[in-house]
Amino acid sequence: MPKSTPRTKERKPLRLAKKLLLMMLFLVMTGVSVSSGAYTTQAATAEEEAPMNKRKGRTVMYIMDSHNLQLRNEDAHALDQLNYSFALIKDGKADGSHWMGLKKVQSFLKRNPHVDGVISIGGWGADGFSDACLTEEGRKTLADSLLALMDDCGFVGIDVDWEYPGVPGTGIVSRPEADVENWYAFLTLLREGLDQREVLHGREYHLSVALGAGDQQLDVLDPKRLAPLLDQAVVMAYDMAGFDRITGHHSALYPNEERSLSGAHAVKKLVDGGLPAEKILLGVPAYGRVWRQVSGGGNGLNQRANTSGNKTISFDELLRLEEQGYTRYFDEKAQVPWWFDGSTFVSGDDDRSIACKGKWVVDNGLQGMAVWQYTQDAEGAMLAMLDASMR
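Source: prediction; values computed, not measured.

A separate point is the packing of aromatic side chains. Across all of its chains, the model carries 10 aromatic pairs by this definition. Relative to Trp99, the ring of Tyr84 lies with its centre 4.8 Å away and its plane at 45°, an arrangement referred to as tilted. Taken together, the positions of Tyr84 in strand S2 (residues 81-90) and Trp99 in the loop between strand S3 (93-95) and helix H3 (102-111) put the pair 15 residues apart, joining distant regions of the chain. Summarising the burial analysis for this pair, Tyr84 and Trp99 share the class buried. Ring centres of Trp124 and Tyr164 lie 6.4 Å apart, and the angle between their planes is 65°; this geometry places the pair in the edge-to-face category. Of this pair, Trp124 sits in the loop between strand S4 (116-122) and helix H4 (129-132) while Tyr164 sits in the loop between strand S5 (157-161) and helix H6 (179-201), and the two are 40 residues apart along the sequence. The exposure class assigned to Tyr164 is buried, which follows from its relative accessible area of 14%. Clustering of aromatic rings is evident, with ring pairs tying together Tyr62, Phe86 and Trp372. Over the aromatic face of Tyr205 sits the side chain of Arg203, whose NZ or CZ is 5.9 Å from the ring centroid. It is Arg352 that lies over the ring of Phe330; its NZ or CZ is 3.8 Å from the centre.

Structure below.
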């Protein structure tokens, strides 16, 4: 069975331990008394030289494939897992033939063996799940091909990003009457295959799913049935606003008077339904959503715009908005910021909201946080904030 505890790794200060042991042996061999005072001094030195407190939550980064991927070695200390996105379904089988950055990802993982590599399959608008999972034979073909692709790439996990089983309207083939049951059956095959590899190789393999944060996506699921199958459930607590012309928070941690959708609301539904909190990753966006030509004045929140929030900007751009004349505001109830220059409204995250989310994740016993996606955090600022927020 998959383990349900967070899998954040920690390296022991071996060099320091060896240094202390050699000094103790030297003192004994030379007849010097090892007094309690001397030990206290050495212990204090060890404490000063030891690494910072262990992170209390797991950090997961999705990374979108491209030919010009750049992965920074300096980010590795703050990272536990990379979800390489996306494998697709072709002729009923998992396919990665379109990948352009695989070798760079593999090289990064080889240089940083504490970071787990996971294949993510699907994504928004990715078709093929409903057809492939319709029959027992089709599910086995897809599961076997996905496990084989994972093995061939040297990865240690699978993230299934079917958006969304049992919920039509995303532009892909959907069978509301059958998709959810077929999804459970498909995940069961993957769990069996990963468990076999755990026994064979003596290490953990991850099975993850990406879940929508809306009631429509969550109400068709039975979280209790997911519990024995999964190691991780990524709650995509973003894009909760932006598809209409009313401005709002697209990544709120808590609901406010205007919108009930929030990360905390989605997580509560899953936990109340029987999915352990320690298997849940709170999804965080490394991007902001932009509404233009906002009318109504004031601070711009919950106002009508001439566009939806369909335009996005990276986290690095969010951090520079105030330099460009935007005023930053913060919603004390939703625990997220927004920016407004009198005409353009931007919703996203900043250092304060990330600190709030990290504390909430730790306080509520979640496994950690997962970010979409690495290339939108070009300077590593968000990853550093996530790391600090869960210490």
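Strand order in this open sheet of five strands is S10-S9-S13-S12-S11, and the pairing throughout is antiparallel. What marks the edges here is a single partner per strand, and that holds for strand S10 (311-314) and strand S11 (327-331). On average, each strand axis in the sheet is tilted by 30° relative to the strand beside it, whichever way the strands run. Both S11 and strand S12 (residues 336-340) contribute to a ladder of five bridges, which runs antiparallel. Along S12, the bridge assignment pairs Tyr329 with Trp338.

Definitions and limits used
Residues numbered from 1 in each chain as written. Predicted model: local features only at pLDDT ≥ 70, side-chain atom pairs only at ≥ 80, totals over all residues. Heavy atoms only, no water. Phe/Tyr/Trp six-rings, centres within 6.5 Å; stacked < 30°, edge-to-face > 60°. Helix = DSSP H or I, 4+ residues; strand = E, 2+ residues; numbered from the N terminus. Buried < 20%, exposed > 50% of the residue type's maximum accessible area, 1.4 Å probe, protein only. Lys NZ or Arg CZ within 6 Å of the ring centre and 35° of its normal. Pairing = 2+ DSSP bridges. Axes fitted to C-alpha atoms, helices over the stretch in contact; angles between N-to-C directions.

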